[in-house]
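Reading the structure
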Protein chains: 2
Amino acid sequence: MTPSTDSFERAWVRLTARLREIHLLDAAQDLLAWDREVYMPARGIAQRAEALALLARLSHERFVAPALADELGTCHALADTLAPEDTRRDELRELARRHARRQKLPVSLVAEAAHVEAMAQSAWATARAANDFASFAPWLARVFELARAKAAAFGKPRDGELWDALVEDYEPGASARQLRALFGELVPRQSALVRRLVAAERRPDDAARRVAVPLAAQEALAREVASALGFDFERGRLDRSAHPFTSGTHADDVRITTRYSESDLFDALYSTIHEVGHGLYEQGLPAARAGMPAGQAASLGIHESQSRLWENHVGRSRGFWDWCAPRLRHHAGSRDARHDAVALARAAWRVQPSLIRVDADEATYDLHVAVRFSIEVELLEGRLPIDALPTRWNAAYREILGVEVQDDRRGCLQDVHWSAGLIGYFPTYTLGNLAAAQLMVAARRELGDLDSAFGRGEFRPLLEWLRRHIHAHGAVRSPQRLIRDATGAPLGTAAFLEHLESRLLPAHGLART
Amino acid sequence: MTPSTDSFERAWVRLTARLREIHLLDAAQDLLAWDREVYMPARGIAQRAEALALLARLSHERFVAPALADELGTCHALADTLAPEDTRRDELRELARRHARRQKLPVSLVAEAAHVEAMAQSAWATARAANDFASFAPWLARVFELARAKAAAFGKPRDGELWDALVEDYEPGASARQLRALFGELVPRQSALVRRLVAAERRPDDAARRVAVPLAAQEALAREVASALGFDFERGRLDRSAHPFTSGTHADDVRITTRYSESDLFDALYSTIHEVGHGLYEQGLPAARAGMPAGQAASLGIHESQSRLWENHVGRSRGFWDWCAPRLRHHAGSRDARHDAVALARAAWRVQPSLIRVDADEATYDLHVAVRFSIEVELLEGRLPIDALPTRWNAAYREILGVEVQDDRRGCLQDVHWSAGLIGYFPTYTLGNLAAAQLMVAARRELGDLDSAFGRGEFRPLLEWLRRHIHAHGAVRSPQRLIRDATGAPLGTAAFLEHLESRLLPAHGLART
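Read on for an overview of the structure. (Residues numbered from 1 in each chain as written. Chains lettered and ligands numbered in written order. Predicted model: local features only at pLDDT ≥ 70, side-chain atom pairs only at ≥ 80, totals over all residues.)

**Examining the relation of the copies chain A and chain B**
Overlay of chain A on chain B (RMSD 0.0 Å): rotation 180°, translation along the axis 0.0 Å. When the rotation and shift are considered jointly, the pair of chain copies conforms to a two-fold rotation axis. In terms of proximity to the rotation axis, the leading residue of chain A is Ala28 of chain A, whose C-alpha is 3.7 Å off the axis. Of all interface residues in chain A, 100% are interface residues in chain B too; the two copies therefore contact each other through one and the same surface. (Least-squares fit on C-alpha atoms with pLDDT ≥ 70 in both. Contact = placed C-beta atoms within 7 Å.)

**Some words on the packing of helix 3 (residues 66-78) of chain B against helix 4 (residues 88-104) of chain B**
Residues and elements named next belong to chain B. Following both chains from N to C, one finds helix 3 and helix 4 inclined at 145°, their axes separated by 11 Å at the closest point. Where helix 3 crosses over helix 4, the handedness of that crossing is left-handed. Counting all contacts with helix 3, which are made through Ala69, Leu72, Cys75 and His76, the residues of helix 4 involved are Leu92, Leu95, Ala96 and His99. Of the residues in the contact of helix 3 with helix 4, the class split is six nonpolar, two polar and no charged. (Axes fitted to C-alpha atoms, helices over the stretch in contact; angles between N-to-C directions. Helix = DSSP H or I, 4+ residues; strand = E, 2+ residues; numbered from the N terminus. Left-handed = near helix turned anticlockwise from the far one by under 90°. Nonpolar A, V, L, I, M, F, W, Y, C, P; charged D, E, K, R; others polar.)

**A look at the environment of His471 of chain B**
Residues and elements named next belong to chain B. Among the secondary structure elements, His471 is positioned in the loop between helix 19 (460-469) and helix 20 (479-487). According to the C-beta neighbour criterion, His471 is buried, with 22 such atoms within 10 Å. Apart from the residues within four sequence positions on either side, His471 is in contact with Tyr281, Gly284, Leu285 and Leu466. (Buried ≥ 20, exposed ≤ 12 C-beta atoms within 10 Å, placed from the backbone.)

**Focus: the packing of helix 17 (residues 427-447) of chain A against helix 19 (residues 460-469) of chain A**
Two numbers describe a pair of packed helices, the interaxial angle and the distance between the axes. Residues and elements named next belong to chain A. Running from N to C, helix 17 and helix 19 point in directions that differ by 115°, and their axes come no closer than 11 Å. Crossing geometry of helix 17 relative to helix 19 is assigned as right-handed. Only Pro461, Leu462 and Trp465 of helix 19 make contact with helix 17, whose side of the interface consists of Ala443, Glu446 and Leu447. Here the residues of the contact of helix 17 with helix 19 are counted per class, giving five nonpolar, no polar and one charged.

**Observations concerning the interface of chain A and chain B**
Listed per partner, the contact involves 26 residues of chain A and 26 residues of chain B. Going through the elements one at a time, helix 1 (3-38), helix 2 (45-63) and strand 1 (236-240) of chain A are the ones with two or more residues in the side of chain A that touches chain B. Per element, the largest residue contribution to the side of chain A that touches chain B is seven residues, and it comes from helix 1 of chain A. Partitioning the side of chain A that touches chain B into residue classes produces 13 nonpolar, four polar and nine charged.

**Some remarks on the sheet that holds strand 2 (residues 246-250) of chain A**
Residue and element names in this part refer to chain A. Reading across from one edge, 1-3-2 is the order of the three strands in this open sheet, with mixed pairing throughout. The strands lining the two open edges of the sheet, one partner per strand, are strand 1 and strand 2. Taking each pair of neighbouring strands and ignoring which way they run, the sheet shows an average axis angle of 15°. Taken together, the five bridges between strand 1 and strand 3 (residues 253-258) define a ladder with parallel strand orientation. Note on strand 3: the bridge partner recorded for Arg240 is Thr258. This element, helix 11 (residues 265-284), spans strand 1, strand 2 and strand 3 of the sheet and lies at about 165° to strand 3. (Pairing = 2+ DSSP bridges.)

Everything listed here is a matter of coordinates, which is why it stays silent on function.
Next comes the structure, spelled out in structure tokens:
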């Protein structure tokens, strides 16, 4: 070891120790937030909010501290001495990117945003319950004002748009132009497909999902499915919460939640499989590198590619139901004829435009995302006044999904994201759908007939393929490079559209055109 | 407001803000520790230990920071301007006491102790499981070396003993001399009482607690009992853990745990009532003063006075069983003749010397504590070599409890305290028992026939009395003053011995002597 690489190693150890501390503070925050949704007694909320704010501040202070900038600088200066294949170069680049962004945000803006977002979320919850958009509108206006201030602080990228300055926090490298191009391909094809499917004479019915199944049986099934897909309960949990989510900043403690409805089997089952997908990604990140880019998820789009892959490509496959249907009958003690693999798979393939994104089927899901994306850009750029949102929303749903929005509760008030200040976030759902389909094509190329394997309960080969191509790399590779390296091509719409058409047209008794 | 009181107010606000931050860090630690015992997946332990150590360090750094000392000093200097009845004077005195103690501990000793205690606890768990005292002995030796180093750092109080320097963390104002005097009164009287009870011809049997009750029914009963006693589930939880405990640094989020045994109703029921007693105290502390002495428990002895009061004086009363027996039958769907109030109360009064402190009855419990106290002092002062502990322990059990210790697992390895570095802690259990009895005499003087009230499910008057006389004062008053103010006399043994004899002699068909 030369003296100069020795210096890099020492600087790297110091940098790692600082980031480790930030990671531990973030992990503590995560647990406090998880507990708030899952087990916290109702009256604990005020003290919990204060504790979360303190931990967030301590983490932020450490990340923007001059000492950390110094260590980063030292490592950078000495990185020339590293072997060319040393991925710590990539980690340094990723850390420098994040650090530069955080430095650009004035502390006063961070504090104001935290306050406004907390208030706006509470105003949103009240407004949604009361179907009262007007009471939420002033808060939404402030959220978008702050988003503009943040975007201005970050700075519009060269040749980019205002929105691009925000998406960077969720999907580094994405842009409004790229997303407009993707939606430009998707929306006409998905809309046309949906119109054909809905008009089909032999549409699948969804009676099989509506057979009442006791909650305890559903929970036992959810646990068996999660384990079979590879979720490690020695390193994770499954609990109940009002809205399903995944919490985990460390591969050895990953927590997913779901909710149960006695009259809708798919509610818990598919939300569990979705969160299992997120959870498998978290459990697959290199635990020893926790706190460093090598131990962190690459982006929200990549995260969503994992959840949507397990939910739709595995969980809605015929093979999955061949394996799962007998287990459902076992746990439910059911002899109902509708609890068979064919009926359950067909129920999972039913397409029906609806008002609520989170309940949408595979074919219509991205139409919901497209609506939010275009409206979000208009709101951010100030081209759409806040007060005009409901009218604009309802018109978009009529035009793109062909449904009439009856009230704002099931319209523009349905999602939490905007109230939480998550501007630039929504399209990561669609990026995830596209990536999932493209990953499945690549995995099948290597692993062969996965559907038969699923029918035998063999999910491990697919998980190991994803571990190798996605999970193991953490955020060392950019989202774009991860997909290119894993699938041999940049992200596109072809694999996803092919997936939808090849599964759903035959399921509706229709021929490919 | 004069200029100088205005300055006090401003200094007080600054001091409060600093202590608030420490409180929030401690509360986060509490939640992480609670989760570790209750819900954490097994493999999460390494990362959790690191997170807890970081939060402990951040809290400690803030408490010993010169800035906090300055604020304390400023407040002290201006406290003369306060009205005589202003209890912030007392809070300042209490803060100064704690601050002076913490300042005396070298950081290196704190870090070494944290490390040794973590390792010793793990070695203890392994040694206990394997009944292998020899493997634990070197760790125990190190724990006591560190305890001596801590005691030396704190300094022996004038006219006091080495042990007194340690008890101060758990029971300010207590001393080995005082405890030796108390045990000198208790042990002969309790031993004589136990000998009479065990030899009695009409000893109560405990068949009623052994009737199998399904765990779900026991849990439903535990919840109903906890609510009836006043535990507020909007501000607390009841979960399961291997060892029952209470967690709560804020009155609005207090968590108790218990464990269930199908073949022993009392295991869960009395551990629940015990933890409810701790929980009621925590929920009764002034929430708005969280982080300040006014919002904190006065001592472990006072804490234990609350748990033992509810467990023994309420939960083992005939009135309690008049109220509870029908509820037990309801939840258990039981028609067993042994599930009646008389049989259950008699089972709760059965006295039988045994090996395990946590399972001991009211009459023998303090004999266990007496053994630990005298041995602990000998170990601390180096008069008893570590290797001689099992022999000394077994001889003390033979002499004081009249039982033969078969193996160290059920002997000197049974309690976690010493391995966790809790030297100076054990006698607080007995102080709690004495205080509970004395408080009950005072409460009855004011409230009249409580046993009949319990029979009607009226527990609220007693709780409100405790709120008024104990909970509301937090740590503003010393433990000694709290008891004196609430009962009209300093802490003594008379009320407790009277309680034991008046309940247990008649229960065993014996006359008072």
